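Listed here are the chains, written in short residue letters.
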Amino acid sequence: MSLAKARKGLKTAKKGGILTNQQKSVNEFLRVPKSNKTSSRFSPFNRDQIREAYNYCAKFMKIAIENPDNPIEKVLEYAKEATETTDPELIRYALMSFITHHPSARNRNLRIPPLIKRSPESCVPQKKITIAPGPVVSDEKVGESVGDIELYMNWYREDPNLNEHHEHWHIVYSGQGIPNFKDPESGEPVNKDRHDELFVYMHRQMLARYDIELLGINLPLIKPLDNYRAPIEEGYKPNTNLRDRTKNAGKIDTFGSREPNSVLKFGKINELEKKRKVLEKAIEMGKLPDDIEITIDLLGAFVEPSIIPGKEEMVDEQGGLHGTGHGAIGRITDDRGVMLDPRTAVRDSVFWRWHRHIDNLINTWEEKQEPNDFSNSPPVGLQDIILVFKDKLPINHGETQDDEAAAFGEKTFGGENFDTDVSDNKYVTHELQTKMKSRIFVYTEDSKSHEKIDYLFPREFYYYFRVENTSSCQFETTFRVFIVPEELVESRCHWIELDKFKECLPPNSKTVVCRDCDMSSIVRQPPQKTDDELDDTALPIDTTPVDNNNDRFCDCGWPFHLLLPRGRKGGMKFKLLVFISDWSEDEVPRISRCGSISFCASEASEKYPDKKPMGYPFDRPFKNNSYEETFAGLNNVVIRDVCINWVDEFPEVVEDC
């Protein structure tokens, strides 16, 4: 299904999406009440609390099974009763897990309303720094305190859709697993396939993207928070510049502040150091406690923490460095800090420092592995990567645009033109473009208090890959597309994934493969582009319940508007790589696509849709620490130069669908 067709069936309420009574009830229940201080003590990073949320989710599933005629009404009825005796935020989290995973909710097309609607107070941005041209931070400014220079990244860290992505990922991939919806009282949680390898990979990709944004404005890369006894230089004060404009309401402040140079509590320092020592020893020996041979998935489970079957007590006692750190930093004062909640944690610059530390530890184990062996390359010859801005193509933008774009590519770059140099073709671009946009966010409905949200947006484009199948048989391939700044080209952890997809090549053929950027494997589908889509949920225009409807899209995945790094004014040099592998070696049978196939992967019962390690071919050390030597001479790889230019304006494509 093309995304244009998919988007035609999903609209926001303003554009014709149907807000059913059940969806209205869900929206109302999940709305976090406005208050000057949060009273919740719930944190998904707390093992005891996430287990309690799991038990409530299991109860919701049991109620749905017992009430097949009105499962949603009965679940909501019980959930409301539960909030009288249990932290309402814990119950809301459990309900979101239920909505995400249970067929009675999914088949009724129920959605979790966007974060900006559920908890607008937690989305209010910090005071902004005026952005100047160029690398916006001079060498002198780099010498300023970390807390000061990090203000230049507020626009990124406090993007509501980025925060929602992180929150939703942790709902889809709960550290406690999810109940078996067929038998929720069995007590045996379902841990999704390669859950913790994905925990490592998704957060690493977030870190790489943040580092690239820092590099783009001449700021130093993320400094790992690896000295637990040192003062944390950065402070964090949420929403200090914003006030509720109702009379005498005071300022909105839903989380506690952390002053600069705060220090972790002594007991937590000891706990963190003990857990790190166990982890470092395990990495050195290649085995977790209880003589468990390390894999990337098991290592991620031990660090997150998640589920290692039969080893729950061991993981609780000796593992969980990641979650323990979130808790220690989030409770550095008596007031609840943003690090305790996945919906707000990425707002704080210390989140990125903590995760850089965690990723560095995991990378220590990865660097002990042998480089990938690419000697058995597939029978393909990749010629080049051609980029064309979508708005420049002579096509109609709507349901047929992908077919028209493919036909244009074959005519212009294929056939007798296949071996022709097209670098000077009037449609071809050698740079990608981004710009900063803004929209107005009303965060207090009754008083209409509002703030401007600045956000990044890419100029949409098509890839055209010219590739030859040198075999006499049809050949199914996996295209893997990555990009990295020239300055970080030797750091495999900084190559960010842009796309991954299957393509069938006819025998003895020269083919022009066309790919729309908004089909990206990392992006939430269908992609959110307009102001309305960014701030509201896409609802079906046909709400008829459908059993086992696997041709659906969900709300998990990276925000489309952050697909590309911002780059620099005047251009920032990148390397763009495409690597083709053999689909027959990669294929995992599956029946659905749920959102981003790279970051969210699959339904609970399905396998991750790629047999290769996540991040392949960047999952192992480079040969002799050289990316050029690693990929040299491979016929299934093309690396090209491309510039990402942060511009003031460009034409946008409006799809007529």
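Per an unreviewed UniProt entry, the protein chain carries the name Di-copper centre-containing protein and comes from Rhizophagus irregularis.

Undergrad: For this particular structure, what's the right way to read the side chain of Asn 469?
TA: Within the fold, Asn 469 resides in strand β8 (residues 461-469). Engagement of the side chain of Asn 469 in a polar contact is seen with the backbone oxygen of Pro 506, the distance being 2.8 Å.

Undergrad: Explain the nonpolar core here, please?
TA: The tendency in soluble globular proteins is for nonpolar side chains to be buried as a group. The biggest cluster of nonpolar side chains holds 118 residues, and the ones touching the most others in it are Trp 352, Phe 465 and Phe 631. Broken down by element, this core gets its largest block of residues, twelve residues, from helix α12 (residues 195-216). Membership of the second largest hydrophobic core comes to 29 residues, among which are Phe 29, Ile 50, Leu 90 and Ile 112.

Undergrad: Please explain the environment of Pro 125 as it appears in this structure.
TA: Looking at the element boundaries, Pro 125 is found in the loop between α7 (115-118) and α8 (139-142). For Pro 125 and Ile 453, which are 328 residues apart along the polypeptide, the C-alpha to C-alpha distance reads 7.1 Å.

Undergrad: Explanation requested: the environment of Phe 266 in the structure shown.
TA: By secondary structure assignment, the location of Phe 266 is in helix α13 (residues 266-285). You can call Phe 266 exposed: its relative accessible area is 56%. Each C-alpha atom, one on Phe 266 and one on Arg 229, is 8.3 Å from the other, the two residues being 37 residues apart in sequence.

Undergrad: Mind showing me how you'd approach the sheet that holds strand β4 (residues 380-389) here?
TA: Hydrogen bonds along the backbone pair up the strands of a sheet, which may run parallel or antiparallel. Read from one edge of the open sheet, four strands run β5-β4-β8-β11, paired in antiparallel fashion. Across the chains shown, the open sheet's two edge strands, defined by having one partner strand only, are β5 (428-429) and β11 (509-516). Relative to β8, β4 runs antiparallel, the two being bridged by nine bridges. Within β8, the residue paired with Val 388 across the bridge is Tyr 462. Across the sheet, helix α18 (residues 401-413) lies against β4, β5, β8 and β11, angled at about 55 degrees from β8, the strand it touches most.

Undergrad: Help me out: how do you make sense of the pattern of salt bridges in this one?
TA: When the charged atoms of two side chains with opposite charge come close together, those side chains can pair. Counting across every chain of the model gives 49 salt bridges. With its nearest N and O atoms 3.3 Å apart, the salt bridge here joins Glu 271 to Lys 268. Of this pair, Glu 271 and Lys 268 both sit in helix α13, three residues apart, which is roughly one turn of that helix. With its nearest N and O atoms 2.9 Å apart, the salt bridge here joins Arg 439 to Asp 535. Of this pair, Arg 439 sits in strand β6 (residues 431-444) while Asp 535 sits in helix α19 (residues 531-535), and the two are 96 residues apart along the sequence. For the pair formed by Arg 439 and Asp 535, the shared burial category is buried. When salt bridges with common partners are traced through the structure, they connect Glu 89, Arg 92, Arg 118, Glu 167, Arg 336, Asp 341 and Arg 343 into a single cluster.

Undergrad: Quick question: what am I supposed to make of the pairing of β8 here?
TA: Look at any regular strand and the pattern is simple: side chains alternate between the two faces of the sheet. For β8, a buried count of eight out of nine residues is recorded, marking the element as mostly surrounded by other parts of the structure. For β8 and β11, the ladder comprises eight bridges, and the chain directions are antiparallel. Note that in β11 the partner of Val 467 across the bridge is Thr 511.

Undergrad: What's the story with the state of the cysteines in this structure? I'm lost.
TA: Any covalent bond linking the sulfur atoms of two cysteines counts as a disulfide. A full pass over the atoms with the stated rule returns one disulfide. Put simply, Cys 556 and Cys 600 are joined by a disulfide, and their sulfur atoms are 1.8 Å apart. On the S-S bond that ties Cys 556 to Cys 600, the torsion sits near -80 degrees, and the link is left-handed. A residue pair is termed long-range when its members are at least 10 positions apart, and Cys 556 in the loop between β12 (539-540) and β13 (572-582) and Cys 600 in the loop between α20 (583-586) and α21 (627-631) qualify at 44 residues. You'll find Cys 556 and Cys 600 in the same group, each marked buried.

Undergrad: Where do I start with the packing of aromatic side chains in this structure?
TA: Any pair of aromatic rings gets described here by the distance separating the centres and the angle formed by the planes. Applying the stated rule across the entire model yields 36 aromatic pairs. Ring geometry for Phe 374 and Phe 631: centres 5.8 Å apart, planes at 15 degrees, overall stacked. In this pair, Phe 374 is assigned in the loop between α17 (349-366) and β4 and Phe 631 in helix α21, connecting sequence segments 257 residues apart. Note on Phe 631: relative accessible area 5%, which makes it buried. Look at Phe 482 and Phe 618: their rings are 4.9 Å apart centre to centre, the planes differ by 65 degrees, and that puts the pair in the edge-to-face class. Of this pair, Phe 482 sits in strand β9 (residues 475-485) while Phe 618 sits in the loop between α20 and α21; the two residues are 136 residues apart in sequence, bridging distant segments of the chain. Like Phe 482, the residue Phe 618 is buried in the burial classification. Over the aromatic face of Tyr 455 sits the side chain of Arg 439, whose NZ or CZ is 4.8 Å from the ring centroid. The lysine or arginine in question, Arg 459, covers the ring of Phe 389, its NZ or CZ lying 3.9 Å from the ring centre.

Undergrad: Looking at this structure, how should I read the side chain of Asp 586?
TA: You can see Asp 586 is positioned in helix α20. A distance of 2.7 Å separates a polar atom in the side chain of Asp 586 from a polar atom in the side chain of Thr 478. Beyond its immediate sequence surroundings of up to four residues, Asp 586 is in contact with Thr 478, Arg 480, Ser 581, Asp 610, Lys 611 and Lys 612.

Undergrad: Where do I start with unusual backbone geometry in this structure?
TA: Negative phi values dominate among residues other than glycine, just as trans dominates among peptide bonds. Backbone torsion omega between Glu 304 and Pro 305 reads 5 degrees, so that peptide bond is classified as cis. Its place among the elements puts Pro 305 in the loop between α14 (296-303) and α15 (312-318). Cis geometry is found at the peptide bond from Gln 525 to Pro 526, where omega equals -10 degrees. Here Pro 526 shows up in the loop between β11 and α19. Phi angles above zero are rare outside glycine, and Arg 194 is one such case at about 55 degrees. Here Arg 194 shows up in the loop between α11 (160-172) and α12. Here Arg 194 falls in the buried class, since its relative accessible area comes to 15%. A positive phi angle, near 65 degrees, is found at Asn 261, a position not held by glycine. Assignment of secondary structure puts Asn 261 in the loop between α12 and α13. Take Asn 261: its relative accessible area is 47%, and that puts it in the partly exposed class.

Undergrad: How should I be thinking about the packing of helix α3 (residues 47-66) against helix α4 (residues 71-82) in this particular structure?
TA: When two helices pack together, their arrangement is given by the angle between the helix axes and by the axis-to-axis distance. As a packed pair, α3 and α4 sit with axes 8 Å apart at the nearest point and diverge in direction by 145 degrees. You can see that α3 and α4 cross each other, and the crossing is right-handed. Taken together, the residues of α4 that come into contact with α3 (itself represented by Tyr 56, Lys 59, Phe 60, Ile 63 and Ala 64) are Pro 71, Lys 74, Val 75, Tyr 78, Ala 79 and Ala 82.

Undergrad: Help me out: how do you make sense of the packing of helix α5 (residues 88-101) against α11 in this one?
TA: Two elements in contact, α5 and α11, have axes separated by 9 Å at closest approach and are oriented at 75 degrees. Taken as axis vectors, α5 and α11 run roughly perpendicular relative to one another. Side by side, α5 and α11 meet where Tyr 93, Met 96, Ser 97, Thr 100 and His 101 of the first sit next to Glu 167, His 168, His 170, Ile 171 and Val 172 of the second. Taken together, the residues of the contact of α5 with α11 break down into four nonpolar, five polar and one charged.

Rules used in this analysis
- Residues numbered from 1 in each chain as written.
- Predicted model: local features only at pLDDT ≥ 70, side-chain atom pairs only at ≥ 80, totals over all residues.
- Heavy atoms only, no water.
- Helix = DSSP H or I, 4+ residues; strand = E, 2+ residues; numbered from the N terminus.
- Polar contact = N/O pair within 3.5 Å; in protein donor to acceptor, adjacent residues only side chain to side chain.
- Core = buried A, V, L, I, M, F, W, Y, C linked by side-chain atoms within 4.5 Å.
- Buried < 20%, exposed > 50% of the residue type's maximum accessible area, 1.4 Å probe, protein only.
- Pairing = 2+ DSSP bridges.
- Contact = heavy atoms within 4.5 Å.
- Axes fitted to C-alpha atoms, helices over the stretch in contact; angles between N-to-C directions.
- Salt bridge = Lys/Arg side-chain N within 4 Å of Asp/Glu carboxyl O.
- Disulfide = S-S within 2.5 Å.
- Phe/Tyr/Trp six-rings, centres within 6.5 Å; stacked < 30°, edge-to-face > 60°.
- Lys NZ or Arg CZ within 6 Å of the ring centre and 35° of its normal.
- Left-handed = near helix turned anticlockwise from the far one by under 90°.
- Parallel < 35°, antiparallel > 145°, perpendicular 65-115°, else oblique.
- Nonpolar A, V, L, I, M, F, W, Y, C, P; charged D, E, K, R; others polar.

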